[in-house]
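Next come the chains, spelled out residue by residue.
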Amino acid sequence: MRSHPWLRLSIIFLVAIATFQIAFAPVRIVHWQPEFLAPRLHLNLGLDLQGGSHLVLEAQDSPAGPATPEAVDAALRVIQNRIDQLGVVEPTLERQGSRRIIIELPGIQDPQRAIDLIGKTALLEFVDTGNTPVPEHARWSTDGKTIRLPTPNAQPVPLEKKVILTGADLADAQAGFDQNTGQPIVNFQFKGPGAKTFEQFTASHIGQYLTIVLDNEVISSPVIRTAISGGRGQISGGFHDLTDARTLAVLLRGGALPVPVEVVENRTIGPLLGRDSIERSLRAGWIGGAMVVLFMALYYGFPGVLADVALALYVLLVLGTLVALRATLTLPGIAGIILSVGMAVDANVIIFEKVKEELRAGKTLWAALQSGWNRAFVTIVDSNVTTLLAALVLFVLGSGPIRGFAVTLSIGVLASMYTAITVTRAFVDAAVALGLQRPVTRMAVGEGRAATERT
Amino acid sequence: MGRRRWGYALSLLIILPGIVTLILNGAAGRGALDWGIDFTGGNFFQWQLQQPFEVGDVRQIVDRFATGQSVIQKSGQEVLVRTRPLPAGTKQALLDAMKARFGSVTVLREDEVGPKIGRELRTIALVAVIVGLALQVIYIGIRFKSIRYAVAADVALLHDLLVVTGVFALTRKEVNSSFVAVLLTVVGYSINDTIVIFDRIRENLAQRTREPFDRLVNRSILEALVRSINTALTTILAIAAVYLFGGSTIHDFAFGLMVGIFTGGYSSILNASPILVDWHLWSERRRRPAAATASPVTVLPGGRRDKRG
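It should be emphasised that the depicted structure is a prediction, and the values quoted were computed from it without experimental measurement.

## Topic: the overall build of chain B
Then, number 1: Per the secondary structure count, chain B includes 10 helices and 6 strands.
Then, number 2: Relative to its length of 309 residues, chain B is extended, with a C-alpha radius of gyration of 24 Å against a globular reference of 19 Å.
Then, number 3: Taking the principal axes of its C-alpha atoms as reference, chain B extends roughly 80 × 35 × 30 Å.
Then, number 4: Here chain B holds 309 residues, and the buried ones make up 47% of them.
Then, number 5: Looking at chain B alone, contacts between residues at least 24 apart form 77% of all its contacts between residues at least 6 apart.

Spelled out as structure tokens, the structure:
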């Protein structure tokens, strides 16, 4: 038989307190002293709620080599470096499959700049073009044999790309302003061997052009006036503003990607929309919850109110579990919670209806409660497993927000089973033990309509 | 239960417009459904503009950059634009052109899905729905130890999925990844609802009354009816709040769920249970052909009552 109602109530009370502590953490123990904080929901928000970018990059095969998993890993490290420079809080990067990289950038303010920064191969080359100055934005073909000038309908012109040094020879790069012209520039510094090569080359090619090329596109083509010793130099031209120059400096410091990548998926939510979504869904949650609570109270009377209290505990449990699992709350996830509030009522309804039948069959209240609950148990388990199965498929095959929906829906279904089977039952049993038979019984008498229909 | 045919007919009537729309849309060459960029690949933008604007103004600009069918919708001060995949660089040029024309443009949301990812998501969606359906059939088959229950529940389920898909075709709402989530949730919910009724039938069968099967099913439905209505009602109440107050991002998602939960509720009564009865009668008839023709049990006085519930 069941244990004493008061014992069960106290256990439920303790569970509620513990869950509240887990979900909102109002009390913290610091140096053995309790410290009270304003309750706040300690939940990770998904990118769709806090704003941010979800990017999927795919490595491409290039003349330099195929996109092997090792090359992709190396690219991932370079991209990690670049993102660190952006100052994004808690970015995540992971390789998916052999040639994809998934990047999550929460709370990013300027996603377009991030994408430009992340996706650029950033292969810097110093090219010996002899006596030919090359205009800005001219592009070399990938095999480096011909060049296309930046005029409309230009035909490729043969021009060998004789690479002297590359970005890999750089020790440092910083953005700044040109002292004379006030234009944004990038100052760079070669590593030891590179500096030596640079000095020798400039010494023997005075009067010729050293063209600076980034990802096959010409940035500038300065003339060599003197031999440059010390390995210092600067890139000027081609920058709209200081941010542009800074971006290039970041790219040069982080090094080039070993394989070119392409953005194959990009989902960006601006911070404005994220905040808006939170506010709106909170409001929807309150209103939806209130309607459900009202419906239960009006339709089932006193036991309905008890079920409502159980429902409140249910929401607390769902939030607590989400926090404990360090789950991420997404917008569809919130919809999943609200949906499961509606469904959580289901278990209660099934139980109440079965109890009513038992009462009509002439059993005493206590006996009707017991057998009604036992009969309802099988039904509740069976019907909830199907929803769990659907959520499981969504979790395994879905991604991002959809996965968040699957998580909250599953937790919701499990929690609803717990509250309906344990909590509501304890409440109703306790109410009966307290001598509140009348309002509990009324739920059966009140259903005259259904009873007469069955004659 | 005597009015099973009405139930079938009503359900057919409900799915028919959707199916006709699907076919007509397909024939008209604009796609049976309004496939979103998740499945076709492409770009999506949600911008907030400061100035008042018309869809036509935005279209003029978008058409300069994206050839072919772009979908442009206005929602208050927000504009939602869906285009084919744009080449790199074009995106920024489009945004610059928008800013040049409308002054301040706030990017609320921006999605870009490569054609390859689109194909993959399409495959995953299909697999998800098929695996989801299969798992349900297997579970019911095991729990009720009968393929009949599984098939009956599945027919009701297919009906629900057709209704939801049909409604999306009729209203030309975007079909994307969250639509798949809607379908699978509806699958779970519809089965849930069907199971409660089947469970009642199983319980009543266990009492071994001498009641004919169709009357027993009828009684079971009536007994489970209050629960079915109440659950559907509370769930729809909750999700209606999301639909009304949840904002444009989650609007279609909530809408699909509402439709699915509604049809999931009635299809258990109008389709799943009648199929069970018809199957039963059919197998009875095969076993005792003479007896069945002698005493047709299809129309019984008890059958009238299910109209009132």
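## Brief notes about the sheet that holds strand β17 (residues 261-269) of chain A
Then, number 1: Reading across the sheet, the 8 strands line up as β5(A)-β6(A)-β4(A)-β17(A)-β5(B)-β2(B)-β4(B)-β3(B) and stay open at both edges, with antiparallel pairing between neighbours. Taken across any chain shown, the strands that pair with only one partner, and hence form the sheet edges, are β5 (92-96) of chain A together with β3 (71-75) of chain B. Averaged over all adjacent pairs, the angle separating strand axes in this sheet is 20°, with direction ignored.
Then, number 2: Sheet contacts for helix α7 (residues 271-300) of chain A: β17 of chain A together with β5 (105-113) of chain B; angle to β5 of chain B, the most-contacted strand, approximately 90°.

## Notes on the UniProt feature "domain: Protein export membrane protein SecD/SecF C-terminal" (unreviewed entry) in chain B
Then, number 1: The positions that UniProt labels "domain: Protein export membrane protein SecD/SecF C-terminal" (unreviewed entry) are, in the present scheme, residues 98-280 of chain B.
Then, number 2: Between the first and last C-alpha atoms of residues 98-280 of chain B the distance is 65 Å; the span itself is 85% helix and 6% strand.

## A look at the domain arrangement of chain B
Then, number 1: Per the domain assignment, the segments making up chain B are domain 1 (4-27 + 118-294 + 302-307) and domain 2 (42-113).
Then, number 2: On a C-alpha basis, the centroid separation for the pair domain 1 of chain B and domain 2 of chain B is 40 Å.

## Here's the deal with the nonpolar core
Then, number 1: Formed by 129 residues in total, the largest nonpolar core has its most connected members in A335, I338 and L394 of chain A together with I239, A254 and M258 of chain B.
Then, number 2: Looking at which element gives the most residues to this core, the answer is helix α9 (residues 331-360) of chain A, with 17 residues.
Then, number 3: Counting residues in each nonpolar core, the second largest holds 55 residues, with L105, F190, V218 and A245 of chain A among its members.

## Some thoughts on the sheet that holds strand β12 (residues 170-177) of chain A
Residues and elements named next belong to chain A.
Then, number 1: Overall, antiparallel pairing links the 3 strands, which are arranged β12-β13-β16 in an open sheet. Looking along the sheet, the strands with just one partner apiece sit at the ends: β12 and β16 (232-236). For this sheet, the mean angle separating the axes of adjacent strands, direction not counted, is 25°.
Then, number 2: With 5 bridges connecting them, strand β13 (residues 184-190) and β16 associate as antiparallel partners. Directly across from N187, in β16, lies its bridge partner Q234.
Then, number 3: Along the sheet, helix α6 (residues 242-254) makes contact with β12 and β13, crossing β12 at roughly 175°.

## Quick look at the interface of chain A and chain B
Then, number 1: In this assembly, 55 residues from chain A lie in contact with 56 residues from chain B.
Then, number 2: Among the elements of the structure, β17, α7, α9, α10 (365-397), α11 (400-433) and α13 (448-453) of chain A are those that each provide at least two residues to the side of chain A that touches chain B.
Then, number 3: With 14 residues, α7 of chain A is the largest single contributor of residues to the side of chain A that touches chain B.
Then, number 4: Among the residues forming the side of chain A that touches chain B, the class breakdown is 32 nonpolar, 13 polar and 10 charged.

## Focus: the packing of helix α5 (residues 115-144) of chain B against helix α6 (residues 147-171) of chain B
All names here are of chain B.
Then, number 1: Two elements in contact, α5 and α6, have axes whose closest approach is 7 Å; the angle formed by their N-to-C orientations is 145°. Every pair of crossing elements has a handedness; the one defined by α5 and α6 is right-handed. Along its contact with α5, which presents L133, V137, I140, G141 and F144, the element α6 presents I147, Y149, A150, A153, D154 and L157.
Then, number 2: Tallied by class, the residues present in the contact of α5 with α6 amount to 9 nonpolar, 1 polar and 1 charged.

Rules and cut-offs
Residues numbered from 1 in each chain as written. Chains lettered and ligands numbered in written order. Predicted model: local features only at pLDDT ≥ 70, side-chain atom pairs only at ≥ 80, totals over all residues. Helix = DSSP H or I, 4+ residues; strand = E, 2+ residues; numbered from the N terminus. Rg over C-alpha atoms; globule rule 2.2 N^0.38 Å. Buried ≥ 20, exposed ≤ 12 C-beta atoms within 10 Å, placed from the backbone. Contact = placed C-beta atoms within 7 Å. Pairing = 2+ DSSP bridges. Axes fitted to C-alpha atoms, helices over the stretch in contact; angles between N-to-C directions. UniProt positions renumbered as here; feature names shortened; annotations may be inferred. Domains from an automatic or database assignment. Core = buried A, V, L, I, M, F, W, Y, C linked by C-beta atoms within 7 Å. Nonpolar A, V, L, I, M, F, W, Y, C, P; charged D, E, K, R; others polar. Left-handed = near helix turned anticlockwise from the far one by under 90°.

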